[in-house]
Amino acid sequence: MRRALALALGAALALPPAAALAQKKAPAEGPTARVDRTEELGLAVGENRTLPAADVKNFSEGTPGIADIKIATDGSQFVVVGEKPGSTTLLLIMKDGTKVTWVINVFARPPSLVERELGELLDGTTGVRLRRVGTRFFIEGGVNAEPDLKRIQQIASLYPGQVESLVVVGSPAPERKFNVRVDFFFVQYDRKSSYGVGVSWPTAIGGPSLQSQLTYDFVAGTTTTAQASIVNQPLPGLDIASSRGWAKVLKQATVITTNGSEASFESGGEQNYPVSSGLVASIQKIAFGTNVSVLPRYDTASHDLEVKLSADVSDLTPPEASVLPGRDTSKLSTLVHLKLGQSIVLSGIRTRTQRHNIKGLPFLSEIPVLGVLFGTHSDAKDDIEGAVFIVPSLVESAPKASVDLVKSARSQYEEFHGDVELINAYNKTPPPAPPASATPPPSPQTR
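Residues numbered from 1 in each chain as written. Predicted model: local features only at pLDDT ≥ 70, side-chain atom pairs only at ≥ 80, totals over all residues. Heavy atoms only, no water.

A. Structural context of the packing of aromatic side chains. Inspection of the entire model under this criterion finds four aromatic pairs. Each ring, one from Trp246 and one from Phe416, has its centre 5.4 Å from the other, and the planes form 85°; the classification is edge-to-face. Within this pair, whereas Trp246 is found in strand β15 (residues 237-258), its partner Phe416 is found in the segment after α5 (400-415), the two being separated by 170 residues in sequence. Classification of Phe416 by relative accessible area gives buried; the value is 1%. Residue placement shows Lys248 over the ring face of Tyr413; its charged tip is 4.8 Å from the ring centre. (Phe/Tyr/Trp six-rings, centres within 6.5 Å; stacked < 30°, edge-to-face > 60°. Helix = DSSP H or I, 4+ residues; strand = E, 2+ residues; numbered from the N terminus. Buried < 20%, exposed > 50% of the residue type's maximum accessible area, 1.4 Å probe, protein only. Lys NZ or Arg CZ within 6 Å of the ring centre and 35° of its normal.)

B. Region of the structure containing the sheet that holds strand β12 (residues 179-200). Spatially, β15-β12-β21-β20 is the arrangement adopted by the four strands of the open sheet, whose pairing is antiparallel. For this open sheet the edge positions go to β15 and β20 (344-360), each flanked by a neighbour on one side alone. Neighbour-to-neighbour, the strand axes of the sheet open up by a mean angle of 5°, direction not taken into account. The pairing of β12 with β15 spans 22 bridges and is antiparallel. Bridge pairing in β15 links Arg181 to Ile256. (Pairing = 2+ DSSP bridges. Axes fitted to C-alpha atoms, helices over the stretch in contact; angles between N-to-C directions.)

C. Broad picture of the nonpolar core. Within the largest apolar cluster, 21 residues are counted, with the highest numbers of intra-cluster contacts made by Phe184, Val294, Val307, Leu309, Leu346 and Ile390. At five residues, strand β18 (residues 304-317) tops the list of elements feeding residues into this core. Leaving out residues up to four positions away in the same chain, Leu346 has contacts with Leu309, Leu332, Thr334, Val336, Val388, Phe389 and Ile390. Membership of the second largest hydrophobic core comes to 17 residues, among which are Leu41, Ala53, Val100 and Trp102. (Core = buried A, V, L, I, M, F, W, Y, C linked by side-chain atoms within 4.5 Å. Contact = heavy atoms within 4.5 Å.)

D. Structural context of a nonpolar patch on the surface. On the surface, Tyr195, Val197, Leu238, Ile240, Leu364, Ile367, Val369, Leu370, Val372 and Leu373 cluster together into a nonpolar patch covering about 940 Å² of accessible area. At the level of secondary structure, the elements contributing two or more residues to the nonpolar patch comprise β12 and β15. By secondary structure assignment, the location of Val372 is in the loop between β20 and β21 (375-393). A relative accessible area of 30% means that Val372 is categorised as partly exposed. (Patch = residues over 30% accessible without salt bridge, like charges linked within 9 Å, V, L, I, M, F, W, Y side chains within 5 Å. Areas by Shrake-Rupley, 256 points an atom, 1.4 Å probe, with all protein chains shown as cover. Salt bridge = Lys/Arg side-chain N within 4 Å of Asp/Glu carboxyl O.)

E. Quick look at helix α3 (residues 111-121). For α3, the set of buried residues is Pro111, Val114, Glu117, Leu118 and Gly119. Among the structural elements, β8 (128-133), β9 (136-143), α4 (146-157) and β10 (163-165) are those in contact with the buried residues of α3.

F. Inspection of the pairing of β9 at higher detail. Counting buried positions along β9 yields seven of eight residues, so the element is predominantly enclosed. Bridge count between β8 and β9: six bridges; the pairing is antiparallel. Along β9, the bridge assignment pairs Arg131 with Phe138. Count of turn residues in the β8/β9 antiparallel hairpin: two residues, of which Gly134 carries a positive phi of about 70°. Where β9 meets β10, three bridges bridge the pair, whose relative direction is parallel. Its bridge partner lying in β10, Phe137 is registered against Val163. As defined by bridge partners, β9 adjoins strand β11 (residues 168-169) across two bridges and the pair is classed as parallel. Counted as the bridge partner of Val143 is Val169 from β11.

Right under this line is the structure:
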């Protein structure tokens, strides 16, 4: 034993310094550490794929029947053929002891084809995006209504095991960090004129000539009011009446809400009027004002904006035939798609009404010129023009083009003095169709 130790010590001392240092480092380095890993492979039924097999010492297949796994004749590659939809594994034990696990997913359709088809089906759907994780696809985002959600779920069901829908009604949490401002404008111009001239003749002569009304207080035992009137008098009257006037209305409502959340704005009130019917008295309420409800949805990927808007604008009008006033109302319910900051006219109205009425003695009142001696000729004209438009934006300021549009409308409002012909609240001519040779803008493949 002592002799062996002496020989070993002598051999170590006889080595050069570099060789002695190498012998000292060798035990510290040790063997290379093995790192096991997992890979994923996706293919369609009937599709062939290859995997390297040069350094494989042994292998084991998981669930049989999902994929057909064979070794090439030269032993350098595995040939994997998809047989039916499902998932299986292939365990490879390498020559150095490393283990590689291949997760093989077999689908009914190739992933590239599925991605292209989903891009076409989801094209134009605001707030919805397609995300690919490995060989699976996830539809993410939010929609406005339950029917839109069912449509997305139906699209995902066309690709079982390959596509999953994560779409919700409303906005997901990442999208709700944006605040959307919607400016709503309502402009209306109105001009009215009428006249009535001629001799008004009674519609009937004769019959009961005296009408009376008596009110008696039984508690006090006295008569409180008494009234008598003579009707159906045969004398004619002279009609000379004319009216002319104009009105303009401008209403603006600004609503700021979180992306995908509905907001409502109400401004107005109720006017109470006493109404008597026989022995019963009641209060009649007439509401007026502006009610706006908006639901904006902003797509951060395509920068498109979808706005669902419902508006109800009403104003009281002076009473005419009764003691209660009337209401001028404008209602709008729509869903529009536009770019961020783009202003758009939601609706436009242009009406012209003219009424001519002759009332008097039969035949004689229809004589030209002399007919005014035997009846009353009246004429009424009404011109109305108005527009409703919105300007949505992410920040609390609108782009210059949209501001110019609003300034132009307000300038016309300030300058209006009864001539509707000079008003151009909105473009009354529909835009021309693009030429057939025009190339449509490319649609994004991934939303």
